[in-house]
Amino acid sequence: MIDPHLLHVPRLGRHPGRFRLSGTPVITVLLGSLASVVPLIAQSPVMPTFGLLLLLSWRLLRPELWRAWIGLPLGLFDDMVSGQPLGSAMFLWTVALIGIDYVEHRMVWRSYKQDWLIASIAIIFCIIGGVFFARVTGGGEIRLSLVAPQMLWTVLLFPFIVRQCARIDRWRVMA
């Protein structure tokens, strides 16, 4: 009799499908961007930017997965869903990914704390850039102290999101 605990183990020689390998990270980022349409009533922006968190998590977890231009289509979707000025997330996410590429080519190795620092800088850059774009396009006077809780929650939530992406990644590459 076969052990029932071994039913989830893949058979030798099986490979995951192409859509499963390349589509899963994109779908998770799109679902993270869709989290901004959840009806949450608040006086100030406190909900973390899940689309950006997932993008940075996948990029730092699997550097070979995406090129820097992936920030354009994913940022366009985030702009359309979140209501930010069109092009703001496209520009900011692409610049953040180019910055991560630059840092990655300069470092010989990275630790988990360095990944968290890199992601924190990218998160703060993207949120402050979003405030700037909103101001420039007529969004009114927005103080940085208003979005400080959102920056803090997003930075503190990064390790949890990376762990969830690693769990999804194990499923993604498993046959």
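Quick look at the structure, then. The shown structure was predicted, so the numbers you read here are calculated from the model rather than taken from an experiment.

**Some details on the environment of Ala-119**
So, point 1. Looking at the secondary structure, you find Ala-119 in helix 5 (residues 112–136).
So, point 2. The class of Ala-119 is buried, set by a relative accessible area of 0%.
So, point 3. Aside from chain neighbours lying at most four places away, what touches Ala-119 is Leu-56, Leu-60 and Phe-158.

**Some thoughts on the state of the cysteines**
So, point 1. Per the stated rule, a full pass over the model turns up zero disulfides.
So, point 2. The thiol of Cys-165 is unpaired, and the distance to the nearest cysteine sulfur, on Cys-126, comes to 16 Å.
So, point 3. Classification of Cys-165 by relative accessible area gives buried; the value is 0%.

**Focus on the pattern of salt bridges**
So, point 1. Applying the stated rule across the entire model yields eight salt bridges.
So, point 2. A salt bridge links Glu-104 to Arg-59, with the nearest nitrogen and oxygen atoms 3.2 Å apart. Here Arg-59 lies in helix 2 (residues 50–61) and Glu-104 lies in helix 4 (residues 88–106), a separation of 45 residues in the sequence. Here Glu-104 and Arg-59 have matching classes, each one buried.
So, point 3. One salt bridge in this structure joins Arg-172 and Asp-169, with 2.8 Å as the shortest N-O distance. Highlighted residues: Arg-172 and Asp-169, both in helix 6 (residues 144–173), separated by three residues, approximately one helical turn.
So, point 4. Taking the relative accessible area as the measure of exposure, Arg-172 reaches 4% and is therefore buried.
So, point 5. Taken together, the shared-partner salt bridges in this structure form one network comprising Arg-59, Asp-101, Glu-104, Arg-110 and Asp-115.

**Description of the packing of helix 1 (residues 18–34) against helix 2**
So, point 1. Across the interface, helix 1 lies against helix 2 with an axial gap of 6 Å and an inter-helix angle of 155°. Taken together, the axis directions place helix 1 and helix 2 in an arrangement best described as roughly antiparallel. Residues Pro-25, Thr-28, Val-29, Gly-32 and Ser-33 of helix 1 form the contact with helix 2, whose participating residues are Phe-50, Gly-51, Leu-54, Leu-55 and Trp-58.
So, point 2. A class-by-class count of the residues in the contact of helix 1 with helix 2 yields six nonpolar, four polar and no charged.

**Observations concerning the packing of helix 1 against helix 6**
So, point 1. Following both chains from N to C, one finds helix 1 and helix 6 inclined at 155°, their axes separated by 9 Å at the closest point. On the basis of the axis angle, helix 1 is roughly antiparallel to helix 6. Classified by chirality, the crossing of helix 6 by helix 1 is right-handed. On the side of helix 1, the interface is formed by Arg-20, Leu-21, Thr-24, Pro-25 and Thr-28, while helix 6 contributes Ile-168, Trp-171, Arg-172 and Val-173.
So, point 2. Residues that form the contact of helix 1 with helix 6 fall into these classes: five nonpolar, two polar and two charged.

The rules behind these values
Residues numbered from 1 in each chain as written. Predicted model: local features only at pLDDT ≥ 70, side-chain atom pairs only at ≥ 80, totals over all residues. Heavy atoms only, no water. Helix = DSSP H or I, 4+ residues; strand = E, 2+ residues; numbered from the N terminus. Buried < 20%, exposed > 50% of the residue type's maximum accessible area, 1.4 Å probe, protein only. Contact = heavy atoms within 4.5 Å. Disulfide = S-S within 2.5 Å. Salt bridge = Lys/Arg side-chain N within 4 Å of Asp/Glu carboxyl O. Axes fitted to C-alpha atoms, helices over the stretch in contact; angles between N-to-C directions. Parallel < 35°, antiparallel > 145°, perpendicular 65-115°, else oblique. Nonpolar A, V, L, I, M, F, W, Y, C, P; charged D, E, K, R; others polar. Left-handed = near helix turned anticlockwise from the far one by under 90°.

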